[in-house]
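# Chain and residue survey
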Amino acid sequence: MTSTGGGDVHDWGPLVGDLAARRERALAMGGPDRVERQRSLGKLTVRERLDLLLDPGTWVEYGLLADHMDPGLGDRYLAADGAVTGIGTIDGRPVAVAAYDFTVMAGSMGRVGEDKIARLRAHALSQRIPMVWLLDSAGARIQATSGSGFAGAGALFREQVAMSGVVPMVAAMLGHCAAGTAYIPALADFVPMVKGTSSMALGGRHLVKAAVGEDVTEEEMGGSAVHTTISGVADLEVADDRECLATVRRYLSFFPSHNRERPPVREEGAPGAQADPVDRRCEELYGIVPTAPRRAYDMRKVVTAVVDGGDVLWIKPGWAKNLLTGLARVGGEPVGVVANQPMVLGGALDVNAADKAARFVWLCDAFNIPLVFLHDVPGFIVGSAVEKQGIIRHGAKMLFAVSEATVPKVSVVLRKSYGAGYFVMNGMAYEADYIVGWPTAEIAVMGPDGAVNIIHRKTLEAIPDEAERAQRRLELAEEIRAHIDPYVAAGHAQLDAVIDPADTRRAIAEGLRVARDKRVERPWRKHGVLPV
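In short, a report on the structure.

On to the overall build of the protein chain, then. The secondary structure content of the protein chain amounts to 22 helices and 17 strands. When its C-alpha atoms are laid out on the principal axes, the protein chain stretches across 115 × 60 × 45 Å. Looking at the protein chain as a whole, 51% of its 532 residues qualify as buried. For the protein chain, contacts bridging at least 24 residues in sequence account for 73% of all contacts bridging at least 6. Accessible surface computed for the protein chain: about 24700 Å², of which carbon and sulfur atoms make up 56%. The protein chain carries 59 positive and 66 negative side-chain charges, and their two centres are separated by 3 Å.

So, about the packing of aromatic side chains. The final tally for this structure, using the stated rule, is 7 aromatic pairs. Taken together, Phe 190, Tyr 251, Phe 255 and Phe 367 form an aromatic cluster joined through their ring pairs. Across from the ring centre of Phe 102, 4.3 Å away, lies the NZ or CZ of Lys 43, which sits over that ring. Across from the ring centre of Phe 254, 4.1 Å away, lies the NZ or CZ of Arg 329, which sits over that ring.

A few words now on the packing of helix H6 (residues 155-163) against helix H7 (residues 180-187). Orientation of H6 relative to H7, taken along the N-to-C sense of each, is 10°, at an axis distance of 10 Å. By the criterion of interaxial angle, the relationship of H6 to H7 is roughly parallel. The residues of H7 that touch H6, namely those facing Leu 156, Phe 157, Gln 160 and Val 161, are Gly 180, Tyr 183, Ile 184 and Leu 187. Partitioning the contact of H6 with H7 into residue classes produces 6 nonpolar, 2 polar and no charged.

Here the focus is the packing of helix H4 (residues 111-127) against H6. Taken N-terminus to C-terminus, the directions of H4 and H6 make an angle of 15°; their axes are 11 Å apart at the nearest point. In terms of axis orientation, H4 runs roughly parallel to H6. For H4 against H6, the interelement crossing comes out left-handed. When H4 is examined against H6, the residues Glu 114, Ala 118, Arg 121, Ala 124 and Leu 125 are found in contact with a partner set consisting of Leu 156, Glu 159 and Met 163. Taken together, the residues of the contact of H4 with H6 break down into 5 nonpolar, no polar and 3 charged.

Attention shifts here to the state of the cysteines. All told, the structure shown has 0 disulfides when counted by the stated rule. The thiol of Cys 244 is unpaired, and the distance to the nearest cysteine sulfur, on Cys 177, comes to 11 Å. Counting only cysteine sulfurs, Cys 244 is the nearest neighbor of Cys 364, a cysteine outside any disulfide, at a range of 20 Å. With relative accessibility at 0%, the residue Cys 364 sits in the buried group.

Our next topic: the pattern of salt bridges. In total, this model carries 33 salt bridges according to the counting rule given. Glu 159 is the partner of Arg 158 in a salt bridge, and the nearest nitrogen-oxygen pair spans 3.8 Å. Relative accessible area serves as the criterion here: at 55%, Arg 158 is assigned to the exposed category. By relative accessible area, Glu 159 is classed as partly exposed at 24%. The salt bridge partner of Asp 276 is Arg 280, with a shortest N-O separation of 2.5 Å. Since its relative accessible area comes to 12%, Asp 276 is described here as buried. Among the ionic contacts, a cluster of salt bridges with common partners joins Arg 281, Glu 283, Asp 500, Asp 503 and Arg 506.

The two faces of strand S15 (residues 434-437) match: Tyr 434 and Val 436 on one face and Ile 435 and Gly 437 on the other face are all buried. As paired elements, strand S14 (residues 409-418) and S15 share 4 bridges and run parallel to each other. What sits directly across from Val 412, in S15, is Val 436. With helix H17 (residues 419-424) bridging S14 and the parallel S15, this β-α-β connection has right-handed handedness. Examined bridge by bridge, S15 and strand S17 (residues 497-498) share 2 bridges and lie parallel to one another. For Val 436, the partnering residue across the bridge sits in S17 and is Ala 497.

On to the pairing of strand S12 (residues 333-340). Along S12, 8 of the 8 residues are buried, which leaves the element largely enclosed by surrounding structure. Burial along S12 is two-sided: Glu 333, Val 335, Val 337 and Ala 339 and Pro 334, Gly 336, Val 338 and Asn 340, pointing in opposite directions, are all buried. In this sheet, S12 lies alongside strand S11 (residues 323-330) in antiparallel orientation, the contact comprising 8 bridges. Its bridge partner lying in S12, Val 330 is registered against Glu 333. Connecting S11 to the antiparallel partner S12 that follows it, the hairpin turn spans 2 residues, and Gly 331 within it adopts a positive phi of roughly 65°. The pairing of S12 with strand S13 (residues 371-377) spans 4 bridges and is parallel. Across the sheet, residue Val 337 finds its bridge partner in S13, namely Val 372. In this view, the connection linking S12 to its parallel neighbour S13 by way of helix H14 (residues 351-366) has right-handed handedness.

Let us now look at the side chain of Asp 350. On the secondary structure map, Asp 350 appears in the loop between S12 and H14. For Asp 350, which is buried and forms no salt bridge, the nearest opposite charge comes from Lys 356, at a distance of 9.1 Å. At a separation of 2.9 Å, a polar atom in the side chain of Asp 350 contacts the main-chain amide nitrogen of Ala 353. Those residues in contact with Asp 350 that lie beyond four places of it in its chain are Asn 322, Leu 345, Ile 381 and Ile 391.

Let us look at helix H13 (residues 299-306). Here H13 has its buried residues at Met 299, Val 302, Val 303, Ala 305 and Val 306. Looking straight down H13, one finds its buried side chains confined to an arc of 160°; they lie on one side.

Let us now look at the layout of surface pockets. For the largest pocket, the calculated volume is near 1600 Å³. For the largest pocket, the lining is made up of 47 residues, of which Gly 165, Trp 362, Leu 363, Asp 365 and Ala 366 are closest to its centre. At the level of elements, H6, H7, S12, H14 and helix H16 (391-404) are the ones that each hand at least two residues to the lining of the largest pocket. The greatest single-element share of the lining of the largest pocket, amounting to 8 residues, is contributed by H14. A per-class count over the lining of the largest pocket returns 22 nonpolar, 8 polar and 17 charged.

Each value, and the rule that gives it
Residues numbered from 1 in each chain as written. Predicted model: local features only at pLDDT ≥ 70, side-chain atom pairs only at ≥ 80, totals over all residues. Heavy atoms only, no water. Helix = DSSP H or I, 4+ residues; strand = E, 2+ residues; numbered from the N terminus. Buried < 20%, exposed > 50% of the residue type's maximum accessible area, 1.4 Å probe, protein only. Contact = heavy atoms within 4.5 Å. Areas by Shrake-Rupley, 256 points an atom, 1.4 Å probe, with all protein chains shown as cover. Lys, Arg positive; Asp, Glu negative; His and termini not counted. Charge placed at Lys NZ, Arg CZ, Asp CG, Glu CD. Phe/Tyr/Trp six-rings, centres within 6.5 Å; stacked < 30°, edge-to-face > 60°. Lys NZ or Arg CZ within 6 Å of the ring centre and 35° of its normal. Axes fitted to C-alpha atoms, helices over the stretch in contact; angles between N-to-C directions. Parallel < 35°, antiparallel > 145°, perpendicular 65-115°, else oblique. Nonpolar A, V, L, I, M, F, W, Y, C, P; charged D, E, K, R; others polar. Left-handed = near helix turned anticlockwise from the far one by under 90°. Disulfide = S-S within 2.5 Å. Salt bridge = Lys/Arg side-chain N within 4 Å of Asp/Glu carboxyl O. Pairing = 2+ DSSP bridges. Right-handed = clockwise from strand over helix to strand, strands pointing away. Polar contact = N/O pair within 3.5 Å; in protein donor to acceptor, adjacent residues only side chain to side chain. Arc of directions from axis to C-beta. 1 Å grid on protein atoms, 1.4 Å probe; cavity = no way out; pocket = protein on both sides within 12 Å on 5 of 7 lines; lining within 4 Å. Points joined across faces, edges and corners; volume = space filled by probe spheres on them.

Below you can see the structure in the form of structure tokens.
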């Protein structure tokens, strides 16, 4: 016997065996029954999700052997305390991942699990790497947080705000999330939601039933259809877990790891790069865009025609459809596209479109992604209804965001660009680095039809015959139109060029190239006072 009471001092077998058993137990998550239940709902397990999200063999886990350590839960075992945390790579670049495990106490937020995630947030910030949450959680663990100790909670949201604009943050909604785990996506940059299995709400359906007497399902209250088409909280609806995780990988491919880097450029010949010359002519645009300024068309076809390989990751495509926002590449360089959609409200801007644009512009500007604006906008919607919705305040958000952006900004005026719509779509006065127009471009305080009714109101009222008055209105409108064509703006050097529509891709690429090393100095301030 040895002095410690043991036998062979080099017998590591029992110790290593015990460690292996503990690891195996933790990797089994909530056990076979709960794993099977997870899969029966059409959801992958937390570890299957990690395998799909990350490059093979790159996962380094933190806190695998963690447990709840809560005397109130007795000897109940909670694998990893329901939160799997670590760092892996996506396309060779490190990413911090916090994944809630619904098979372990419904993925509820326990103290140890949240300590692990807090440490991971610190790693993401100190290492300047993106942070990804895989959310499938019932929210706060009520058994542990219902007392006055709750007063010390909430640091995760403050820390998430500190991370905003420093490193990219993605919250993938893979299950039902309530309360705390609903605020995580609210503060993240990108929120994809799985159709049919994910939801988010400040209160789960049982709490809602008890508090306000409303009997609704999780899907009805906060499912993907609600948040991608009505509230605008989420960015994209996807079919299943696999598509969601592939979309996260695709989204991050447009972004630098942090705000002091340039976005990753896909050089020609590199994996995933499109063999698409920047000077490619886009003659298909002739058949897409009518020359008549009020005739509708699908702006999505214009965008896909001018970007690399027609590849666009649309952001919030189901919400505020009168404005398009998306991530694409031109010459391998990531760009953020903001474009009016004439098929919806004639492309006019409303409160939701302004909010959608402002948030997207702030996102791209935060991470050095150049912006491309495609104008075909009659202006902001007017009337008592939108004034009651706060159209001035919401429009000011878009004005603020575009004014504040210091990334390269290229504008193309396809047809009309009237009034404040021209300003918020990055007109000349908003530090447009290159602004061009098609021969159909019209830039004015308002369109000819509206201007006629104001400028020539008395003249028209004096014509008693209705047919004659209508004919005169058309004639006067054409007189006004002659003063707002692109050659007038070009004559005043308010357009850098008038281009053949087929040369739009080349013009955008040239504008991005000349502005690549742009530097803008602003007066020092703590922050602006946003019109939220």
